[in-house]
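Listed below, chain by chain, are the residues.
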Amino acid sequence: MRRLLAALLPILLAAGCSEPPHKEMNQAQGAIDAARAAGAEQYASEAFTAAASALQQSHEAVEQRDYRLALTRAIDASERAQDAAKLAADGKARARSEAELAVSTTNAAALALDVRLKAAEAARVPARTLVAPRKVATEAAATLQKARAHLAAGAYAEAMSAVKELERAIRAEMETMDALPSSRTARRTPRRP
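Not measured: the values here are computed from a predicted model.

Criteria and thresholds
- Along each chain, residues carry numbers from 1 onward, in the same order as the chain's sequence is written.
- pLDDT decides what is reported in this predicted model: residues at 70 or higher carry local features, side-chain atom pairs at 80 or more are listed and counted, and totals for whole chains, interfaces and linings draw on all residues regardless.
- Computation of side-chain values: all heavy atoms of the structure, hydrogens and water removed.
- Only protein chains enter the area calculation, which uses a 1.4 Å probe; residues under 20% of their type maximum are buried, those over 50% are exposed, and those in between are partly exposed.
- Helix and strand assignments follow DSSP, with helices taken as H or I runs no shorter than four residues and strands as E runs no shorter than two, numbered in order from the N terminus.
- Relevant arc is that of directions from the helix axis to the C-beta atoms, nothing else.
- The salt bridge criterion pairs a side-chain nitrogen of Lys or Arg with a carboxyl oxygen of Asp or Glu, the two atoms within 4 Å.

Quick notes on helix α7 (residues 156–163)
And then number 1: All buried positions along α7 are accounted for by Y156, A159 and V163. Take α7 and look down its axis: the buried residues cluster within an arc of 60°, on one side only.

This is the structure in structure tokens:
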């Protein structure tokens, strides 16, 4: 596509320099709108900003009656917007994958915490010792529900943000629980005569 545009550019410049390149500018605006709809502002911000800047330069060139420059900038804006849309699709897929992995990993940690809590209860670990782990487990359930809702809505950054610190908190509680002796173990310890 770029080769075709490069070949046609001198012809277009020679033929269309007597009036503003409204058609090309409208096409560039359409490409920018499509890139925005594809999520380029978030997932390919550098390329999107370059496209928007090139279109703005095209408008400025029209105001200065430099129609050749306006045409060149409009074509550049269109190309950059198309690149931004492609990059956005890749970035969005990567963000989705990373968010799904983070939610899945955190969910696995929450399930492991639940198993440890049940084992501690069965071993009759004092209830006051389990207050903090139970609180983290309750918060984990609510946070994971929110994170899954964000995933379903395509809000991958929000899903990542929701579980960012949660897995660490869960793992810290599991380590604390692993270090506790169970009440059965404490009873089996022989007394010294």
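The structure having been displayed, the exposition proceeds.
Comments concerning unusual backbone geometry
And then number 1: Positive phi values are uncommon outside glycine, yet R65 reaches one of about 60°.
And then number 2: In this structure, R65 sits in the loop between α4 (45–63) and α5 (67–122).
And then number 3: Judged by its relative accessible area of 64%, R65 falls in the exposed class.
And then number 4: Unlike most non-glycine residues, R124 shows phi in positive territory, near 60°.
And then number 5: Since its relative accessible area comes to 58%, R124 is described here as exposed.

Side note on the pattern of salt bridges
And then number 1: Overall, the coordinates contain eight salt bridges when judged by the stated rule.
And then number 2: Across the pair E41 and R36 runs a salt bridge whose closest N-O atoms are separated by 3.4 Å.
And then number 3: Where R96 meets E100, a salt bridge forms, and the shortest distance between an N and an O atom there is 3.0 Å. Here E100 and R96 lie together in helix α5, a separation of four residues that amounts to about one turn.
And then number 4: Looking at R96, the relative accessible area reads 42%, which means it is partly exposed.
And then number 5: We classify E100 as partly exposed; its relative accessible area is 36%.
And then number 6: One network of salt bridges, in which partners are shared, links D33, R36 and E41.

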